[in-house]
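# Architecture at a glance
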Amino acid sequence: MTSRKRQASDSLLPVRSAKYQRTEENQGIWHRWRQLGTEAFTLGYETVRLGYLSLMNSSQKLGGSQAVSQQPENPNQTGSLPSQATSLALPPCLPIPQETHKPKDSQPVAGRSRLSSSLQSRSESSNALNGNGNSPPSTLTGHTSVTPVPSTSKGHVQHSQSYDFIGSSALGRGVVGGIRPRRSRDHIYARVHKAKVQEDRKKDREELVQELFHYKRSTGYTSDFDSFKSLINYQARLEILERHALSPSPSLTDLRVKQSSPGHSRRHSFSDDVDPDFLERALRKAKKSFELPPPKPFSPSHDRLRLSARHRDEAIEKRLRPKLPKVLPPDADTQVNALLCKKGIISKVARESVNDRDLSRLLPSQWLNDEIMNFYGAMILTRSESNRDPTAKRKMLDVHYFSTFFWPKLKNEGYEQGRLAKWTKKIDIFSKDIILIPINHNNSHWTGAAINFRRKRIESYDSMNLDRHQVFKALRSYLDSEHRNKRKKPFDFTGWQNHNPDDTPQQENGYDCGVFTCQFLESLSRGEEGFYFSQRDMTYLRRRMIWEIGHAKFLDGP
């Protein structure tokens, strides 16, 4: 078996930045170096110029103060104003070639640096004084700005154009907000590597499933490989729901929703829930069953001898009991085909009804919905009420059947908030032999439960053999609350036990749980202590249930 591959998303393959496309604003490396040199020259020139102006401004302030002290009779002249001769004596701004720094457009750039913004503000204050040498100097930046002598040279441009050039050149290189966005692309072999990793994972998972299938076949598994794959997928999803106590995921199929395209291939496809870790755990568990040491010899006690005798009697009864047939009688099978062709309402019993879409749920590889479960329960209840005559040939137990909506009320809302006392307003459940309850776990799995007053047991029957301690806890709480409400005292649980038999028939795929649950409850209503059906009987039982629901009665015989 190949080793585990790292995920493609965690790849350590090198990633390089994409090359810039040649556009009008991005003309290659030589043009960018030329722009950088021009910007450096412009920045150095403006720095030297502003330093020179600052030095001259300080000397002008000193000379101005002396002039004020010598001529106090002129009140209109202030010491901070430079003289006309001093202003004309300052050197003008040297012209910069226009073709070097002419901007693409005159619009302001959002991503301009702080230095560029400050330089532009200084140039704007200098331009405001253009043409008036007696205007007061600007003090926005803490330095006196002196207006240069206007030049008539064609090569002379405004100072703001040089500063706009800095921002426009930065924008041309893709700089936004002073930060160059990092653009990257996948490695040239990243797609091939990802496909190779996925192929290796799929191959490893198939090898694990094949190995686990061979172990299961050696322990008595009888279904084919496709059914085993659907069973593994189903177990993985149920394990996630049981471990994390999650609400139903949108990726899980809702048992109450009809499948749009019923088919065998949809059931046998793997989902992401079946990871290699789950398969390895299942494989270790299967191998561990072969590595257990043989049991130690012991001398049987009297109780064990009685238990062995009872098991021997049950084995003899099982051999004498007629086995379930493989197919229905020819006339019944013809009626089943006719029922599947009907449209609209197919059958009614009590308050329950079934239409053609509900009946199609009994076709192979389909989950059962609430309508089928409740209709079958209503048939069990009707048969129990009609067979209370003691002279009847086949005496049935006095049972009561709760609908599939009882368990969500009890689990999510409780006895008081769910107003479950009204469910038994006309019924005394403590006078019944057994209470039958179908349970839908997380809207993904059907199991059967029963409150057996004859045996003093809280019973749970699961075709996946999962831990159902919450079922026993909830039903015990319901019994106590119901007894307090109806009998005005707590329920006496003396002698009561939780019953979860190990020999419960197990399903070997991911879609027959509803059929198993219906057969569990139907067998309990007849007082059976064991179940005499298995996975190989599901095809026959599905067609038999179609006939029974279509005729609203149970088929005689096994």
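These lines cover the structure that appears in this document, whether it is placed above or below. (Residues numbered from 1 in each chain as written. Predicted model: local features only at pLDDT ≥ 70, side-chain atom pairs only at ≥ 80, totals over all residues. Heavy atoms only, no water.)

## Here we look at the pairing of strand E1 (residues 345–349)
Note the threshold: Strands qualify as paired when DSSP identifies two bridges or more between them. We count a stretch as a helix when DSSP gives it H or I for four or more residues in a row; a strand needs E for two or more, and each element gets its number in order from the N terminus.
Pairing between E1 and strand E2 (residues 352–355): four bridges, direction antiparallel. Bridging across to E2, Val349 finds its partner in Glu352. Between the antiparallel neighbours E1 and E2 lie two residues, among them Ala350 with a positive phi of about 55°.

## So, the layout of surface pockets
Heads up, the condition is: Two kinds of site are reported from a 1 Å grid over the protein atoms alone, namely cavities, where a 1.4 Å probe fits but cannot get out, and pockets, open sets with protein on both sides within 12 Å along at least five of seven lines, and residues are called lining when an atom falls within 4 Å of a point. Grid points are joined across faces, edges and corners, and a volume is the space filled by probe spheres set on the points. Only Asp, Glu, Lys and Arg are considered charged, only Ala, Val, Leu, Ile, Met, Phe, Trp, Tyr, Cys and Pro nonpolar, and every remaining residue, Gly among them, polar.
The computed volume of the second largest pocket comes to approximately 1,100 Å³. In this structure, the second largest pocket is lined by 31 residues; those nearest its centre are Lys216, Gln235, Lys285, Met464 and Gln506. Going through the elements one at a time, helix H6 (190–218), helix H7 (225–244) and helix H9 (276–291) are the ones with two or more residues in the lining of the second largest pocket. The element contributing the most residues to the lining of the second largest pocket is H7, with eight residues. Each residue belonging to the lining of the second largest pocket can be placed in one class, and the counts come to 14 nonpolar, nine polar and eight charged.

## Structural notes on the pairing of strand E5 (residues 445–452)
Let me state the cut-off plainly: Only protein chains enter the area calculation, which uses a 1.4 Å probe; residues under 20% of their type maximum are buried, those over 50% are exposed, and those in between are partly exposed.
The buried fraction of E5 amounts to eight of the eight residues, a majority that puts the element mostly inside the structure. Of the two faces of E5, the one lined by His445, Thr447, Ala449 and Ile451 and the one lined by Trp446, Gly448, Ala450 and Asn452 are each fully buried. Pairing analysis gives eight bridges linking strand E4 (residues 434–441) to E5, with the strands arranged antiparallel. The partner of Ile439 across the bridge, within E5, is Thr447.

## What about unusual backbone geometry?
The backbone of Asn442 sits at a positive phi, close to 55°, despite the residue not being glycine. The residue Asn442 is located in the loop between E4 and E5 in this model. Take Asn442: its relative accessible area is 21%, and that puts it in the partly exposed class. The backbone of Ala552 sits at a positive phi, close to 55°, despite the residue not being glycine. Among the residues examined, Ala552 registers a relative accessible area of 31% and is labelled partly exposed.

## Considering empty space enclosed by the protein
Going through the model one piece at a time under the given rule, you end up with six cavities of 30 Å³ or more. Roughly 60 Å³ of internal volume is contained in the second largest cavity. For the second largest cavity, the full set of lining residues is Leu397, Ile434, Asn452, Arg454, Arg457, Glu459, Tyr461, Leu524, Gly527, Glu528 and Glu529. Among the elements that take part in the lining of the second largest cavity, strand E6 (residues 457–461) stands out by supplying three residues, more than any other. Grouping the constituent residues of the lining of the second largest cavity by class yields four nonpolar, two polar and five charged.

## Considering helix H15 (residues 469–487)
Threshold: In this scheme, a helix's expected span is set at 1.5 Å multiplied by one less than its residue total. Note on contacts: a residue pair qualifies if any of its non-hydrogen atoms lie within 4.5 Å across the two residues.
Taking 1.5 Å per residue, 19 residues should reach 27 Å; H15 reaches 27 Å between its end C-alpha atoms and fits that length. What H15 keeps buried is the set Val471, Phe472, Ala474, Leu475, Tyr478, Leu479, Asp480, Glu482 and His483. Buried residues along H15 sit in contact with helix H14 (406–417), E4, E5, E6 and strand E7 (497–499). Following H15 by one or two positions, Lys488 adopts a phi angle in the positive range, close to 65°.

## Considering a nonpolar patch on the surface
Defined as follows: Two joining distances apply to patches: 9 Å for like charges and 5 Å for nonpolar side chains (Val, Leu, Ile, Met, Phe, Trp, Tyr), and every residue must have over 30% relative accessible area and no salt bridge. To be clear on the numbers: accessible area is Shrake-Rupley with a 1.4 Å probe, and residue cover counts the displayed protein chains and nothing else. A carboxyl oxygen of Asp or Glu within 4 Å of a side-chain nitrogen of Lys or Arg is what we treat as a salt bridge.
A cluster of nonpolar side chains, Ile29, Trp30, Trp33 and Leu36, forms an exposed patch at the surface whose accessible area comes to about 540 Å². In this structure Trp33 comes out as exposed when scored by relative accessible area, which is 55%.

## Description of the pattern of salt bridges
Opposite charge on two side chains allows them to pair when their charged atoms are near. Throughout the structure, instances matching the rule amount to 17 salt bridges. We note a salt bridge from Arg383 to Glu522, for which the minimum N-O separation is 3.1 Å. On the criterion of sequence distance, the pair formed by Arg383 in helix H13 (residues 370–386) and Glu522 in helix H16 (residues 513–525) is long-range, its members being 139 residues apart. Residue classification places Glu522 among the buried residues on the basis of a relative accessible area of 8%. Arg484 is the partner of Asp480 in a salt bridge, and the nearest nitrogen-oxygen pair spans 2.7 Å. Within this pair, Asp480 and its partner Arg484 are both found in helix H15, separated by four residues, close to a single helical turn. Judged by relative accessible area, Asp480 falls into the buried class, the value being 18%. Arg484 sits in the partly exposed class, given a relative accessible area of 43%. Through salt bridges that share partners, Arg383, Glu522, Arg526 and Glu528 make up one connected network.

## Overview of the sheet that holds E7
Using the following cut-off: Only the stretch in contact is used when a helix axis is fitted, and all axes are lines through C-alpha atoms; the angle between N-to-C directions ranges over 0 to 180 degrees.
One open sheet holds the five strands; their spatial order is E3-E4-E5-E6-E7, and the pairing between them is mixed. At either end of the open sheet lies a strand with only one pairing partner, and these are strand E3 (399–401) and E7. This sheet shows a mean twist of 20° between the axes of neighbouring strands, independent of strand direction. Lying over the sheet, H16 contacts E3, E4, E5 and E6, oriented at roughly 15° with respect to E5.

## Examining the packing of H13 against H16
For clarity, the threshold we go by: Relative orientations are named as follows: roughly parallel for angles under 35 degrees, roughly antiparallel for angles over 145 degrees, roughly perpendicular for angles from 65 to 115 degrees, and oblique for any other angle.
Relative to each other, H13 and H16 sit at 10°, their axes nearing to 11 Å. The pairing of H13 with H16 is recorded here as roughly parallel in orientation. Residues Met373, Tyr376, Ile380 and Arg383 of H13 pack against Gly514, Thr517, Cys518, Gln519, Leu521, Glu522 and Ser525 of H16.

## Some thoughts on the nonpolar core
Stated formally: Put simply, a nonpolar core is a bunch of buried Ala, Val, Leu, Ile, Met, Phe, Trp, Tyr and Cys residues held in one set by side-chain atoms that sit within 4.5 Å of each other.
Counting 65 residues, the largest nonpolar core has Leu359, Leu362, Leu368, Tyr376, Leu436, Phe533 and Ile549 as the members making the most contacts within it. Trp407, Tyr415, Ile429 and Ile451 belong to the second largest nonpolar core, which has 23 residues in total.

Everything listed here is a matter of geometry and, on its own, says nothing about what the molecule does.
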